[in-house]
Structure formats: structure tokens, C-alpha cells
Amino acid sequence: AQSVTQPDIHITVSEGASLELRCNYSYGATPYLFWYVQSPGQGLQLLLKYFSGDTLVQGIKGFEAEFKRSQSSFNLRKPSVHWSDAAEYFCAVGVSRGFKTIFGAGTRLFVKA
Amino acid sequence: NAGVMQNPRHLVRRRGQEARLRCSPMKGHSHVYWYRQLPEEGLKFMVYLQKENIIDESGMPKERFSAEFPKEGPSILRIQQVVRGDSAAYFCASSPPTASSTDTQYFGPGTRLTVL
């Protein structure tokens, strides 16, 4: 069965420090992978997506993610975190031609001054 | 171009009442998806609809829940005889009519349902 695992429930980083959020997926075919961000009380905003091609994907707000098929991973990174990045981050995989999206449980990011 | 609209943003119901959640997709989009987010959890797929058709309802509870997307008007998620366990945030997403596996789903702000 398809699944997405985000091993870290919450992460705290200092402002200006680098960030890596982990995501592992389980899917038999070529996955369509997404990272979304959700601010408190808000809907989800797409940060970036991977469908094919270059395994390093650039997104909005300075985020990037790298697809590693051998590790079934799609980790999200940012070189320098800003206080406004504090939010919940969801990794997701599109299945059945992308019509159904399976979400991980999310990682809540806290940014300290 | 307005995004996905959902209303109401907050809905309070007593046990046994009905809840109706509305979703207006982005202009030009004809595919609608509903997800439920329980506290401290990720989003769970419920149902995928096109105009006047339910395409995939594999995530919908078998009882009390129904969804529609009529030819005119918004998509409606209806929960009959609500129970406390229905308290959650319900998100709608939409995608364009040429939907394929590469299409992004655009999410609305959600409706937060509280059952007293």
C-alpha cells in the first residue's frame, strides 16, 4: 500500500540555520511527490513538486527537495531558515495518476531567534 | 483569479445535526477533491469528483457522509447526524479539466467543524 512517512513530528532550528525535513514514501511505481506548507488555521500551499527529470527540485520561498529513488526519499531543504518559515510541512505522494494524494502526518517546524 | 473558496470557515454543530460544507473550485477547474484533517494528523483523502460524477470515493466513510458536485454551483460535502469524532478540518482542492498525474491540486483554506 502507498504510504508517506515523516519521521520527525517536530523540529526546532535557529533562525539563519539550515533545515532538512525528512520524507520517505512507499509506492510501487514512479511517484509524484509534493511538499506543502500549512500555516496555523490556513490551507495548504504547494512548495514544490517532482514528477520526472532532474532529481533536485527548486520550489518557492527558497526551498528545494531531492528525490532519491534508492532511498525512497524526498527530503526538503532550505539553507537559511527565516522566522516566517515556522509552520507545518507535509510531504505527499500522488497515486492513481495523481488523483488521490497520500499525505504524511506532517512535521511542525519551530524557529527560534 | 480567485483561489479555491470554502465556506463556512468555521462550523459548529450539535450531535445529531447535519453539516454542509461548500467548496467552489478555482475558475476553470472541474475536478474537486475533499480531504479530512484530524487534530495532529495529516490530510486523509475522502472523495474525488468531477462535474455531476463521483470518480473515487474510497476514502469516504460508508455511512452519514456524502458528496456532490452539481453542474451548477459549488461542491457540497454533507455529514448527517454528526458525532464528536467528525470534528476536524475539511479541505477542498481543485485541479483543471485536463487533469493528469502531473497536475497540482490547489487547496482551499478549509472548514473547521466542531461537534458539541
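Since the structure is predicted, the reported quantities are computational estimates derived from the model, not experimental observations.

Take the sheet that holds strand β3 (residues 19-24) of chain B next. Residues and elements named next belong to chain B. Sheet architecture is open: four strands sit in the order β1-β3-β8-β7, paired in antiparallel fashion. At either margin of the open sheet sits one strand with a lone partner, and together these are β1 (5-7) and β7 (65-68). Across the sheet, the mean angle from the axis of one strand to that of its neighbour is 15°, orientation sign disregarded. Pairing of β1 with β3 involves three bridges; the strand directions are antiparallel. When the sheet's bridge partners are listed, N7 is paired in β3 with R22.

Residue and element names in this part refer to chain A. Evaluation of the coordinates by the stated rule reveals eight salt bridges over all chains. A salt bridge links D8 to R22; the shortest N-O distance between them is 2.9 Å. Of the two residues, D8 sits in the loop between β1 (3-5) and β2 (10-14) while R22 sits in the loop between β3 (19-21) and β4 (24-26), which places them 14 residues apart along the sequence. For D8, a relative accessible area of 19% corresponds to the buried category. Linking R77 and E66 is a salt bridge whose minimum nitrogen-to-oxygen distance equals 3.3 Å. Of this pair, R77 sits in strand β9 (residues 73-78) while E66 sits in strand β8 (residues 64-68), and the two are eleven residues apart along the sequence.

Bringing the interface of chain A and chain B into the picture now. By convention, interface size is frequently given as the accessible area that disappears when the constituent parts associate. In this complex, chain A contributes 20 residues to the contact, which on the side of chain B involves 23 residues. Buried surface at the junction of chain A and chain B, both sides included, amounts to about 1800 Å², of which 52% is carbon and sulfur. At the junction of chain A and chain B, the tally comes to zero salt bridges. Along the contact surface separating chain A from chain B lie four residue pairs in polar contact (both at pLDDT 80 or more). Sorting the residues of the side of chain A that touches chain B by element identifies β5 (32-38), β6 (44-50) and β11 (100-103) of chain A as the ones contributing at least two each. Counting residues per element, the side of chain A that touches chain B draws most heavily on β5(A), which supplies four residues.

Rules behind the numbers
- Residues numbered from 1 in each chain as written.
- Chains lettered and ligands numbered in written order.
- Predicted model: local features only at pLDDT ≥ 70, side-chain atom pairs only at ≥ 80, totals over all residues.
- Heavy atoms only, no water.
- Pairing = 2+ DSSP bridges.
- Helix = DSSP H or I, 4+ residues; strand = E, 2+ residues; numbered from the N terminus.
- Axes fitted to C-alpha atoms, helices over the stretch in contact; angles between N-to-C directions.
- Salt bridge = Lys/Arg side-chain N within 4 Å of Asp/Glu carboxyl O.
- Buried < 20%, exposed > 50% of the residue type's maximum accessible area, 1.4 Å probe, protein only.
- Contact = heavy atoms within 4.5 Å.
- Buried area = accessible area lost by both parts, 1.4 Å probe.
- Polar contact = N/O pair within 3.5 Å; in protein donor to acceptor, adjacent residues only side chain to side chain.

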